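Tertiary structure, described
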Amino acid sequence: MAKTKKVYECKKCGHIQNVWSGQCPNCNSWGSLVESTIEKKSNKKIYENKDDNQASKLKDIKIDQDLRIKSDYEEFDRTLGEGLVKDSVSILTARPGAGKSTLLLQLSKSYADRGYRVIYISGEESTTQIRNRAERIMKELPDNIWILSTNSMNQAQRQIEKIDADIVIIDSIQTFSLEEFDNKAGSPVQTVECANRCVEIAKNVSRKRAFLIIAHMTKSGELAGIRTLEHLVDTVLFLEGKSEEDLRFLSAAKNRFGPTGEIGLFSMREEGLVEIKNPSEYFTTERDKEVEGSAISVTKEGNRLLEIEVESLVSKSFLPYPQRIAESLRKDKLNILISILQERAGLNLFDKNVIIKTTGGLKLKEESIDLCIMVSIASSFYKRPIGDKTVFIAEVGLTGELKKVPQIDKRIRELERLGYSKCYVAKNSTKEKFKDIKVIEKRNISEVLSAEFS
C-alpha cells in the first residue's frame, strides 16, 4: 500500500515544500501555500516481460553520427573527447572560487548560440545573481537560455520537460532534494537519488538530453559524497587552480566517451575563463639572457605535448637536515633524483637545500622529465646556465642510465617546430633524421653533465 505525505503547495506557481511558511520562497507570494497530500512512490522497480526491448547483435547496432555537441571552447571539448555527448551526465568539481559556475554559464551561451535550448538550474544562487554574472561575461544575452532558482529536483524536472531543454546545467547537486525522500538536501541518499533522476532524464530513449552537473569538492581535493555518485555519471571533470592565480587546468578523471588524461587550459580574467591557445606563454619564461638553474623539456598530457620549464635553486644549508622542497613534484621523487645525482654523477648535495618548481605550476607526472629536473639542479649547483635552445627528454634509472620515453620522435618534431636547436635523449632512442634540431644521444647522466658543464 502506498504511503501518503503532507506537503505545502503554492497556489500561484506550484512550488512544493515540506513545511509551511507565510511567503512562497519561489514567487514571493504571501499566504499562497496550502496543505495537500501526495503519495510516496515506492523505490522498488517492477520488472515485466516486455517485447519492446530486446537484445540486439553488436554488429547490428547503429551509431548516431551526430552524437557530439560542440561548443566554442576547444579546450573544453578536447577534455571531454571532442564534445559533449547528447545523452550523457557529466560532473564538474573544483574548489570554491575556481570558476565552475562561470565556465558553465559561458558554455550555456556557447550552446545557445548554436541553437540548443539550455536551462541553468541553480540551488545556490538567485536568478538576479546569475543575471549579474551573465552581464559581466556575455556581450549579448541569448534567447535560448532559461534560468531557474530552486532546490527541488521535482520542480527542476517539470521545468526541463516544459521547456524541452537540450542541455541541462545543475548547480550544484548537493543542494537539491526529491520530495519522495525525507532526508535533507546534501545527504548521501538525496545526492545519489537526485543524480539518478538526472541520469533517467538524460538517457530517456524518446528524448535524449545532456546534463552538466556541478558538485562540491572536499578539503582533500576529491569529489564530495559517496563513490556511487562517480559510478552513476559518465564523466567526472576537475577544474584545478588556485583562486589567487589566473591559470586553470581542466582534466577528466573518468570519461566513458573518450580518453582520460586530456587537459584543457584556461586563464581566469575579469570577463570569465579564456582559453590558452599557446601554452608556451605560461609554462616557459622569455629572457634576454640565460640564467642558471633553468632547463626545458616536453611533457605529454593526454594527446597533447606541452613545452615546460623546470627551475631549481641549490643553496648551502645551515641546518642538520637540508630542505627538499618541490611544489610540482612528489618529495619522494625529488629525493630519488638527488640521490642519483650524488651517487652516479658526483654532486655533493648532502648539505645543500634543493628547491624546484615549474613555470605556471604544472604538475610533473611523466618519467620523461627526470633528466630535465636533474640538469636543472646541476645547473644551479655549478652556477652555470644552460642554452635556452637546449632540451632534455629522458627517464633516468637508479643506475644513472638514460631510458627511452614514448613517442620521442613526435616530441622532437614539436621541439623542432618551436625553434629549439639541441635535444638530449637516451641512446638509440630514435632513427629518424631531423633537419633543424640536433639530437644528442647519451648513455647516462654523467655524460650529459660532462657535455653541458665540462
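Residues numbered from 1 in each chain as written. Predicted model: local features only at pLDDT ≥ 70, side-chain atom pairs only at ≥ 80, totals over all residues. Heavy atoms only, no water.

What follows is about the overall build of the chain. In terms of helices and strands, the chain carries eleven helices and 23 strands. Considering only C-alpha atoms, the chain reaches an extent of 85 × 60 × 45 Å along its principal axes. A buried classification covers 49% of the 454 residues belonging to the chain. Of the contacts formed within the chain by residues at least 6 apart in sequence, a portion of 65% connects residues at least 24 apart. Working note: accessible area of the chain is about 24,100 Å², and carbon and sulfur atoms make up 47% of it. (Helix = DSSP H or I, 4+ residues; strand = E, 2+ residues; numbered from the N terminus. Buried < 20%, exposed > 50% of the residue type's maximum accessible area, 1.4 Å probe, protein only. Contact = heavy atoms within 4.5 Å. Areas by Shrake-Rupley, 256 points an atom, 1.4 Å probe, with all protein chains shown as cover.)

It is worth spelling out the sheet that holds strand E13 (residues 263-269) at this point. Strand order in the open sheet made by the nine strands is E8-E7-E9-E10-E6-E11-E12-E13-E14, with mixed pairing throughout. The outermost strands of the open sheet, each flanked by one partner alone, are strand E8 (145-149) and strand E14 (272-275). Ignoring strand direction, the axes of neighbouring strands in this sheet form an average angle of 25 degrees. As defined by bridge partners, strand E6 (residues 89-94) adjoins strand E11 (residues 235-240) across five bridges and the pair is classed as parallel. By the bridge assignment, Leu92 is partnered in E11 with Leu237. (Pairing = 2+ DSSP bridges. Axes fitted to C-alpha atoms, helices over the stretch in contact; angles between N-to-C directions.)

Looking now at a negative patch on the surface. A cluster of acidic residues, Glu244, Glu245, Asp246 and Glu327, forms a negative patch at the surface. Summarising the element assignment, Glu327 is placed in the loop between strand E17 (324-326) and helix H8 (331-344). Among the residues examined, Glu327 registers a relative accessible area of 51% and is labelled exposed. (Patch = residues over 30% accessible without salt bridge, like charges linked within 9 Å, V, L, I, M, F, W, Y side chains within 5 Å. Salt bridge = Lys/Arg side-chain N within 4 Å of Asp/Glu carboxyl O. Lys, Arg positive; Asp, Glu negative; His and termini not counted. Charge placed at Lys NZ, Arg CZ, Asp CG, Glu CD.)

The next thing to look at is the side chain of Asn154. Relative to the elements of secondary structure, Asn154 occurs in helix H4 (residues 153-163). On the basis of relative accessibility, which here comes to 9%, the residue Asn154 falls in the buried class.

We now examine the side chain of Glu262. Mapped onto the elements, Glu262 comes out in the loop between strand E12 (247-255) and E13. The buried charged residue Glu262 lacks any salt bridge partner; its closest oppositely charged side chain belongs to Arg78, at an N-O distance of 4.8 Å. Apart from residues lying up to four places away in sequence, Glu262 is in contact with Arg78, Thr79, Leu250, Ser251, Ala252, Glu301, Gly302, Asn303 and Arg304.

It is worth spelling out the pattern of salt bridges at this point. Applying the stated criterion across every chain, the model contains 28 salt bridges. Notably, a salt bridge pairs Asp72 with Arg114, separated by 2.8 Å at the nearest N-O pair. With Asp72 in the loop between strand E4 (68-69) and helix H1 (74-80) and Arg114 in the loop between helix H2 (100-113) and strand E7 (118-122), this residue pair connects regions lying 42 residues apart in the sequence. A residue is classified by how much of its surface remains accessible, and Asp72, at 43% relative accessible area, is partly exposed. The salt bridge partner of Lys277 is Glu74, with a shortest N-O separation of 3.7 Å. Remark: Glu74 occurs in helix H1 and Lys277 occurs in the loop between E14 and helix H7 (280-283); sequence separation between them is 203 residues. Accessibility assignment for this pair places Lys277 and Glu74 in one class, exposed. Three or more residues joined by partner-sharing salt bridges are found here, namely Asp164, Asp166, Arg207 and Arg209.

Another aspect to go through is the pairing of E11. Of all six residues making up E11, five are buried, and the element is well covered by its neighbours. In terms of strand pairing, E11 meets E12 through six bridges, oriented antiparallel. Paired with Glu240 across the strands is Phe249, a residue of E12. Where E11 folds back on E12, the antiparallel hairpin that results is connected by six residues, among which Gly241 adopts a positive phi of roughly 150 degrees.

Next up on the list: unusual backbone geometry. The residue after Asp171, namely Ser172, is reached through a cis peptide bond having omega -10 degrees. Positive phi, close to 60 degrees, is recorded for Asp164, a residue that is not glycine. Tracing the chain through its elements places Asp164 in the loop between H4 and strand E9 (167-171). Overall, Asp164 belongs to the partly exposed group, its relative accessible area being 33%. Despite not being glycine, Asn428 has its phi angle at roughly 60 degrees, a positive value. Secondary-structure assignment places Asn428 in the loop between strand E22 (422-426) and strand E23 (438-442). Judged by relative accessible area, which is 55%, Asn428 ranks as exposed.

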